[in-house]
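# Geometric and topological summary
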Amino acid sequence: MALQNPKGSLLSSSGSSEPHGSSSIVNVNVISPEKIQTRLQNLGSNLQNKSNDIEVLAVDLQRETLINFLSLEFDSEFQFDSSVKTLLSRLPKQRYLKSICDELHRFKIAKKVGVVVLYSYRDDYYKILV
């Protein structure tokens, strides 16, 4: 697991577990300057029963804003782009929200990750995107 701290260097941590004989790795990607590595590792450990392919994206958003990301569609590139435009048209902080959408595109469309957890470290709240 690799986290980037505010000064740009990477904090590395790796972990795997073997639920029911299979190996799982949880990747945590942080868009924040906060040190929340332990909290996110615990969250990832709890989710390993749901999928072997999990990404956690920690963001600096309020709970109310984070919930809006549930409206994103991941079935196709076109649906995703259309749902992103709709999402961004309703919310402020365009540049930051666009960077979150770019990361979600990378995970769900490009890499086809099974489970992405969008985690608000501001409110200690998360939503699972499948």
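Everything here concerns the structure above.
Note that this is a predicted model, so its numbers are computed, not measured. (Residues numbered from 1 in each chain as written. Predicted model: local features only at pLDDT ≥ 70, side-chain atom pairs only at ≥ 80, totals over all residues. Heavy atoms only, no water.)

## A closer look at the pattern of salt bridges
Close approach of charged atoms allows side chains of opposite charge to pair. The test is simple: Salt bridges are identified by distance alone: a Lys or Arg side-chain nitrogen within 4 Å of an Asp or Glu carboxyl oxygen. Counting from the N terminus, the helices are the DSSP runs of H or I reaching at least four residues and the strands are the DSSP runs of E reaching at least two. The buried label applies to any residue whose accessible area, calculated with a 1.4 Å probe on protein chains only, is under 20% of its type's maximum; exposed applies above 50%, and partly exposed to all values in between.
In total, this model carries four salt bridges according to the counting rule given. Residue Arg122 pairs with Asp60 through a salt bridge whose shortest N-O separation is 2.9 Å. You can see Arg122 sitting in the loop between strand S6 (115-120) and strand S7 (125-129) and its partner Asp60 sitting in the loop between strand S5 (53-59) and helix H2 (63-67), a full 62 residues away along the chain. Residue class for Asp60 comes out partly exposed when judged on its relative accessible area of 24%. Residue Arg106 pairs with Glu103 through a salt bridge whose shortest N-O separation is 2.7 Å.

## So, the side chain of Lys108
The cut-off we apply is this: Throughout this description, a polar contact denotes any pair of N or O atoms lying within 3.5 Å of each other; where both atoms belong to protein, one of them has to be capable of donating a hydrogen while the other can accept it, and for residues adjacent in sequence the pair is counted only when both atoms sit in side chains. Two residues qualify as a contact provided that any one of their heavy atoms is within 4.5 Å of a heavy atom in the partner residue.
One can find Lys108 in helix H4 (residues 94-110). Polar side-chain contacts of Lys108 include one of 3.2 Å to the backbone oxygen of Gly114. Sequence-distant contacts of Lys108, defined by excluding residues within four places in its chain, comprise Phe74, Val113, Gly114, Val116, Leu129 and Val130.

## Quick word on the nonpolar core
Basically, it comes down to this: Only buried Ala, Val, Leu, Ile, Met, Phe, Trp, Tyr and Cys residues count toward a nonpolar core, and they belong to the same one when joined by side-chain atoms within 4.5 Å.
Core analysis: the largest hydrophobic core is formed by 24 residues, its most contacted members being Val59, Phe69, Leu72, Ile100, Leu104 and Leu118. For this core, the elements supplying multiple residues, two or more each, are S5, helix H3 (77-90), H4, S6 and S7. The biggest single contributor to this core is H4, with seven residues. Residue contacts for Leu104: discarding those within four places in its chain leaves Leu57, Phe69, Leu72, Phe74, Phe80, Ile109, Val116 and Leu129. Among the nonpolar cores identified, the runner-up in size contains nine residues, and Val26, Ile54, Val56 and Ala58 belong to it.

## Some words on unusual backbone geometry
With a phi angle near 55°, Lys112 is a residue other than glycine that sits in the positive phi range. Relative to the helices and strands, Lys112 resides in the loop between H4 and S6. Accessibility expressed as a relative area gives 63% for Lys112, which makes it exposed. Residues other than glycine seldom take positive phi values, yet Asp124 does so here, at roughly 50°.

## Re the environment of Phe74
As for its placement among the helices and strands, Phe74 is situated in the loop between H2 and H3. The buried category is assigned to Phe74, whose relative accessible area is 16%. When the C-alpha atoms of Phe74 and Leu104 are compared, they prove to be 9.2 Å apart, with 30 residues separating the residues in sequence. Those residues in contact with Phe74, other than ones at most four positions away along the chain, are Phe80, Leu104, Lys108, Ile109, Leu129 and Val130.

## Brief notes about the environment of Lys127
Tracing the backbone shows Lys127 in strand S7. Dropping the residues within four chain positions of it, Lys127 is found in contact with Leu66, Ile67, Leu70, Val116, Val117 and Leu118.

## Let's talk about the packing of H3 against H4
The condition is simple: A fitted line through C-alpha atoms serves as each axis, taken over the contacting stretch for helices, and the angle formed by two N-to-C directions is quoted from 0 to 180°. Roughly parallel covers angles under 35 degrees, roughly antiparallel covers those over 145, roughly perpendicular covers 65 to 115, and oblique covers all other angles. Crossing handedness: left-handed means the near helix sits turned counterclockwise from the far one by under a right angle, and right-handed means the same turn made clockwise.
With their axes 11 Å apart at the nearest point, H3 and H4 run at an angle of 160° to one another. Comparing the axis directions of H3 and H4 gives the class roughly antiparallel. The hand of the H3/H4 crossing is right-handed. Residues Glu77, Phe80, Val84, Leu87 and Leu88 of H3 form the contact with H4, whose participating residues are Gln94, Leu97, Lys98, Cys101, Leu104, His105 and Ile109.

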